[in-house]
Every structure is written in C-alpha cells, then in structure tokens.
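Structure assessment
Each chain is listed here by its residues.
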Amino acid sequence: MEKNVFQLLRIKRNFALSLYAVFMIYFDNAATTPLDPGVAELMYDILRNRYGNPSSVHAPGRESRVIIEDARRTVASLLGVKPATIFFTSCGTEALNTAISGAVEGFGIKHIITSTIEHHAVSHTIDHLHAHQKIEVHHVKLAAGGHIDYADLEQLLSCYSNVLVCLMHANNEIGTLLDLEITSQLCKQHHAFLLVDTVQSLGKYQLDFGKLHIHFAACSSHKFHGPKGSGFLYINQDVKIPPLLQGGGQERHMRSGTENIAGIAGLASALNLACTHMVDNRQHITKIRNAMADQLSNNFKGIVFNNDFSERGLYNLINVSVPAGSVADMLLQRLDMEGVCVSGGSACTSGAVSVSPVLQAIGCDPEKPALRFSFSKFNQLHEVDECIKILKSILN
C-alpha cells in the first residue's frame, strides 16, 4: 500500500513538472542553456556504445581516445590555436582555478590585477591565495556601466612586475564586454600574464586566441547548449604551469581523472554549432532582447536598465532594477509560480539574500530588486509578450 502511494505521488509530480516544462518561459540562459537536441543524440550514442576508457590500449579504449582528440582538434580549430593548447576540464570553475593557482605556483606571481565584478570562481580563488600571503591583489577601477578603466589598468601594470591579470570577457550579470585587443596589448607591453574568463562569451562571439596575447582562457559548455560538467582551459603553448589535480596524468598530465568522453564530444559539437550559426543566432537573439527592452520601457514606470545595450555589452542579456515594494521583493518567486524562469543575478549566488557585488560596484540602488533576463536561439518573440503580461499582472 505504501509503495503504491509513493508511486502515485511520483506520477503526479512528474506530470506536474511536464506541464510546467510545456508552458514554461525560459529566460535564464546566462545561468545555463538547454542542451541542443543534436548534441544530446551524439552524447546518447557515446554513453551507450562508446564506453571504453581512453587510457586503455584495446579497441574500445582507442575508439574513445579518437573521440577526445577529434573534439580537441575541433575546439582548437574554432579558436585559431593548436590542439595541444586545449585541456578538457569538468567546468569553467575548475579551468579558472587551475590557471590562477598554477600561474601563482609556476611563475612565482606576486601581484594579481583583477576587478570587483569577476565571477566567484576567480574572486574567491584570488581571495584564498591572498589570505595565505601568496599574492597581493589590485583591483582595476571601473568606468561607467561597469566597464574596465583601461588607463587605470595601464597604470597598475606599470607599477608592478611579475603580474597576472584576471578579467572576464563578458560579465555574467550586466553583460559588459572587455576589449580583448586593448587588454592583451597592454599586458604584452608590460610583460604581464593574462587570464580571460570566456565562459559567458564563447559561442556568442568569434574569438581567435591565436591572434591575441592571451596566456589562459576558461570555458564551460553548458553556456552554449552543450552539457554541464564539461569545460576546457586554453593554455598558451609558450607557457607551462603545474596541474591542480594529481592522479593518473590524463590530459598530458595537466588534468588527471578519467575523461568525460560524452561531455567532451558534446562540448565540441555544441561549440561547432554555435560558431557555424553565430550570425543567425545573434540576429535572432538581438531581436528578442530588443523587443523585451522596448516592452519593459513602455509598460513599467521607474525601472532602470543596468546593462549596456551597445556593442560593448552582451546582446543576449537584460539586467533591470524595479521599484522597491512588497510585491517586487517576491518577484522571482511570483514569476516562477507563473512559469517564467529568470534570475536576480548570477545563478551561482541566486540563493543568497545579499545584494549582488556586481550591482553594488556599479552603484545600483540596493533597495531596488534586480532581474536578469537572458535569451537563447530557442526563445521566440511570443514569449516576450507572454512574459510582459505576467509581469504586468504582478507589478501593476
């Protein structure tokens, strides 16, 4: 009897979740993107039929090794670099931790230049190293809208030697873009090492690491319709750092641990799709983003946009602060109840009650709740209309 009750509850729950998925409006693609169906099919075949350990010398092992190396060549080709510079990881966080800790240990870094609006995978790693008296931290000033003050960056670079610069290409909350050419040239002129967090931008912009003075770059595939649990670290061929993980010496001794074959293949496939259809995807997503911005402006008084709508900002993101009030304080929960998925900031900190450090850094009113809408190739214009209707029913 008890078993039958649990089975009935499970059926009801699954049915409710299925209905939610059918009517759901998913505008939280900066947190994660839906897995591309073609990528899912590829991964399913590998998970079922390509089970060999790539470190094994027998046929199934060699077959798995071929899948990994084909993926490595694909990623390298899309980034304009050699395959030997691509090291697969479990995520962007691991890639960033590996690069920062490895650079400090391997190069004897004494000074790290970063900003106050970096992802926690960067800021917490740097804070940890600073707390253990391994490095000094210097925060570059921010210009209007959260953009890097390049004059201040140059000033900091001129003051210190043996420096690692850690900056993100695209901010995950407000979408500000780093000028990679200016930043890499400044680092080259001052003989500084450069780590770029490309987690939010890869797959959306054409990035050619081979033409830039970049030593490290981190990526996570679930931001461009690939699987979670799969990322990579680019390490310039002219530098060498010690690994973060010790073990069997996989990834040419840079990342020990049995490789996630399906995840790696899925990453390469998703990135290839994103780069192949980049222009069309951008046009489609920009149209949706602009429609959402127009409707927000036309339908709600007192809202403030926190993101940059120019070419210096991510084209798939809107961050808006709404007037404070009892309804606004529960806005995320109310939207979720209506089947609208958005974020109040970074997904990694969405459960926190504190004000976003990013919004604080750019001078946003902490009393006004912020919403982040982020869009993908799978979103449609009619979803914007429906989302605005729901917002009006809640706020007005």
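To keep things clear, this report deals only with the structure shown in the data block. Keep in mind that this is a model prediction, so the values were computed, not measured. (Residues numbered from 1 in each chain as written. Predicted model: local features only at pLDDT ≥ 70, side-chain atom pairs only at ≥ 80, totals over all residues. Heavy atoms only, no water.)

Describing helix α2 (residues 37–49)
The end-to-end C-alpha separation of α2 is 18 Å, in line with the 18 Å expected for 13 residues at 1.5 Å each. Buried within α2 are the following residues: Val39, Met43 and Ile46. End-on, the buried residues of α2 take up no more than an arc of 60°, which puts them together on one face. In α2, the exposed positions that point more than 90 degrees away from the buried face belong to Glu41, Tyr44 and Arg48. Close packing links the buried residues of α2 with α3 (59–79) and α8 (261–276). Of the residues that open α2, the one with a side-chain oxygen 2.9 Å from the backbone nitrogen of glycine 38 is aspartate 36. (Helix = DSSP H or I, 4+ residues; strand = E, 2+ residues; numbered from the N terminus. Expected span 1.5 Å × (residues − 1). Buried < 20%, exposed > 50% of the residue type's maximum accessible area, 1.4 Å probe, protein only. Arc of directions from axis to C-beta. Contact = heavy atoms within 4.5 Å. Polar contact = N/O pair within 3.5 Å; in protein donor to acceptor, adjacent residues only side chain to side chain.)

A look at the side chain of glutamine 200
Here glutamine 200 is to be found in the loop between β6 (193–197) and β7 (216–220). Every residue in contact with glutamine 200, bar those within four places of it in the chain, is listed here: Ala30, Ala170, Asn172, Lys223 and Leu314.

Considerations on the pairing of strand β10 (residues 317–321)
Within β10, five of the five residues are buried, which leaves the element mostly enclosed by the surrounding structure. Along β10, one buried face is formed by Leu317, Asn319 and Ser321 and the opposite face, lined by Ile318 and Val320, is buried too. Pairing of strand β9 (residues 304–305) with β10, which is carried by two bridges, proceeds in the antiparallel orientation. The residue bridging phenylalanine 305 from the neighbouring strand is valine 320, located in β10. Relative to strand β12 (residues 370–374), β10 runs antiparallel, the two sharing five bridges. Opposite serine 321, over in β12, you have alanine 370 as the bridge partner. (Pairing = 2+ DSSP bridges.)

Some remarks on the packing of aromatic side chains
All told, the structure shown has six aromatic pairs when counted by the stated rule. Residues phenylalanine 209 and tyrosine 234 carry aromatic rings whose centres are separated by 5.1 Å and whose planes lie at 35° to one another, so their mutual orientation is tilted. Linking phenylalanine 209 in the loop between β6 and β7 with tyrosine 234 in strand β8 (residues 231–235), this pair joins segments that are 25 residues apart in sequence. Each member of the pair, phenylalanine 209 as well as tyrosine 234, carries the same accessibility label: buried. Pairing phenylalanine 305 with phenylalanine 309 gives two aromatic rings, centres 5.3 Å apart and planes at 85°, and the pair type is edge-to-face. Residue classification places phenylalanine 305 among the partly exposed positions, given a relative accessible area of 26%. Phenylalanine 309 sits in the partly exposed class, given a relative accessible area of 32%. (Phe/Tyr/Trp six-rings, centres within 6.5 Å; stacked < 30°, edge-to-face > 60°.)

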